[in-house]
Amino acid sequence: AWYQRRVRVMYKRQIISIVRPKQYAVTPADMHLLMNYVQTGSTRGHGEKWAPCCLPDFNDGGYLYIHDSYLSETVDVSLVLITNEREQHMTIIECKQRIMDQLVEQRTMEKLEAVLASPFVCSDTKIPHLLHFIYKSKSSQQLVSPDLTVPYNTEEDKKLLHAKYCLIHDKLHHSDQKISIYYDIDPRESVVGYLMSNSEIYCTFSPFVSRPVALNYIDKLLKWIRREENRFFILGSGVY
């Protein structure tokens, strides 16, 4: 028999890989629900979870059944298997084991753990005075953002920066006047929001960076992101 199945490999709210039926795709809203579902019902270690979940953009009148388990005891890499058949619990477990056997045989987990041990940080871009950024591709509806490092050492520091991003996002998207660039500076940092036709970006620089210099750096950063887009974005999921 044929069953609608989807496979997702996730790490800390980041999608590593997707395999899905050819005729179905998941909207960003449903994907956020799915990630929240996985995060709030953690199965770290040896545990696993089998439960119904409604993805309203896919079908607001029914449930899909999700099997969630972690692939490694040392890294929080989650394997999420989805089916529309409630009775397929044991079939899904067998599917998980086949996936695990292939990952071990191909030494994929070793490679994955090595990559995840070296997180993406701003210094990788080689852009001077860049402290952090968030880039959104409108076509793929995906984001890329480096890990927060110095000077954002505390949770309070991170929340304040996030609040500033939210403020600038609101200025760009909900202003009475149509604007595409918003520049904010204070003694701690300068933050620029920039709307483009196919993307938007929010960049944080040291407070000594002027607006013209910041825009020049953003142009270089955008070119760097485009060169690295296959690394940061899932541009085509596996289908069957």
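Predicted model only: the values in this text are computed from it and were never measured.

Read across the open sheet, the five strands follow the order E7-E6-E10-E9-E8; overall the sheet is antiparallel. The two strands at the open ends of the sheet, each matched to only one other strand, are strand E7 (142-144) and strand E8 (181-185). Taken over all neighbouring pairs, the strand axes of this sheet differ in orientation by 10° on average, direction set aside. The strands touched by helix H5 (residues 155-174) within the sheet are strand E6 (130-137), E8, strand E9 (190-195) and strand E10 (199-205), with E10 carrying the most contacts at an inclination of about 140°. Strands in contact with helix H6 (residues 211-227) are E6, E8, E9 and E10; relative to E10, the strand with the most contacts, it is inclined by about 125°.

Alternating positions in strand E3 (residues 48-53) separate cleanly, Lys49, Ala51 and Cys53 being buried on one face and Glu48, Trp50 and Pro52 remaining unburied on the opposite face. In this sheet, strand E4 (residues 64-70) lies alongside E3 in antiparallel orientation, the contact comprising six bridges. Note that in E4 the partner of Pro52 across the bridge is Tyr65.

As a volume, the second largest pocket reaches approximately 450 Å³. Considering the residues around the second largest pocket, the lining is formed by 15 residues, among which His132, Ile134, His162, Tyr165 and Cys166 are closest to the centre. At the level of elements, E6, H5 and E10 are the ones that each hand at least two residues to the lining of the second largest pocket. It is H5 that contributes the most residues to the lining of the second largest pocket, eight residues altogether. When its residues are assigned to classes, the lining of the second largest pocket shows seven nonpolar, three polar and five charged.

Enumeration according to the criterion identifies eight aromatic pairs in this entry. Pairing Tyr135 with Phe233 gives two aromatic rings, centres 6.1 Å apart and planes at 40°, and the pair type is tilted. Of this pair, Tyr135 sits in strand E6 while Phe233 sits in the loop between helix H7 (229-232) and strand E11 (238-239), and the two are 98 residues apart along the sequence. The burial state of Tyr135 is the same as that of Phe233; both residues are buried. Summarising the aromatic geometry, the rings of Phe205 and Tyr217 are spaced 6.0 Å apart at their centres and angled 40° between planes, so their arrangement reads as tilted. In this pair, Phe205 is assigned in strand E10 and Tyr217 in helix H6, connecting sequence segments twelve residues apart. Using a relative accessible area of 1% as the deciding quantity, one classes Phe205 as buried. Geometry around Tyr37 places Lys49 over its ring, the cationic atom sitting 4.1 Å from the centre.

Take unusual backbone geometry next. Cis geometry is adopted by the peptide bond preceding Pro151, which originates at Val150 and carries an omega value of 10°. As for its placement among the helices and strands, Pro151 is situated in the loop between E7 and H5. Despite not being glycine, Lys126 shows a phi value in the positive range, around 65°. Mapped onto the elements of the fold, Lys126 is located in the loop between helix H4 (108-116) and E6. For Lys126, a relative accessible area of 71% puts it in the exposed group. The backbone phi angle of His129 is positive, close to 65°, even though this residue is not glycine. By the secondary structure assignment, His129 is in the loop between H4 and E6.

With that settled, consider the environment of Arg20. Structurally, Arg20 can be placed in strand E2 (residues 14-20). Using a relative accessible area of 17% as the deciding quantity, one classes Arg20 as buried. The spacing of Arg20 and Ile82 is 62 residues in sequence and 9.4 Å in space, taken between C-alpha atoms.

Here the focus is the nonpolar core. Grouped together as the largest cluster of nonpolar side chains are 22 residues, with contacts concentrated most on Phe133, Ile201, Phe205 and Leu221. Listing elements by their share of this core, those giving two or more residues are E6, E10 and H6. Of the residues forming this core, the biggest block, seven residues, is contributed by H6. The contact partners of Phe205, leaving out residues within four places of it in the chain, are Ile127, Pro128, His129, Leu130, Leu131, Glu189, Ser190, Ala214, Tyr217 and Ile218.

Conventions and cut-offs
Residues numbered from 1 in each chain as written. Predicted model: local features only at pLDDT ≥ 70, side-chain atom pairs only at ≥ 80, totals over all residues. Heavy atoms only, no water. Pairing = 2+ DSSP bridges. Helix = DSSP H or I, 4+ residues; strand = E, 2+ residues; numbered from the N terminus. Axes fitted to C-alpha atoms, helices over the stretch in contact; angles between N-to-C directions. Contact = heavy atoms within 4.5 Å. Buried < 20%, exposed > 50% of the residue type's maximum accessible area, 1.4 Å probe, protein only. 1 Å grid on protein atoms, 1.4 Å probe; cavity = no way out; pocket = protein on both sides within 12 Å on 5 of 7 lines; lining within 4 Å. Points joined across faces, edges and corners; volume = space filled by probe spheres on them. Nonpolar A, V, L, I, M, F, W, Y, C, P; charged D, E, K, R; others polar. Phe/Tyr/Trp six-rings, centres within 6.5 Å; stacked < 30°, edge-to-face > 60°. Lys NZ or Arg CZ within 6 Å of the ring centre and 35° of its normal. Core = buried A, V, L, I, M, F, W, Y, C linked by side-chain atoms within 4.5 Å.

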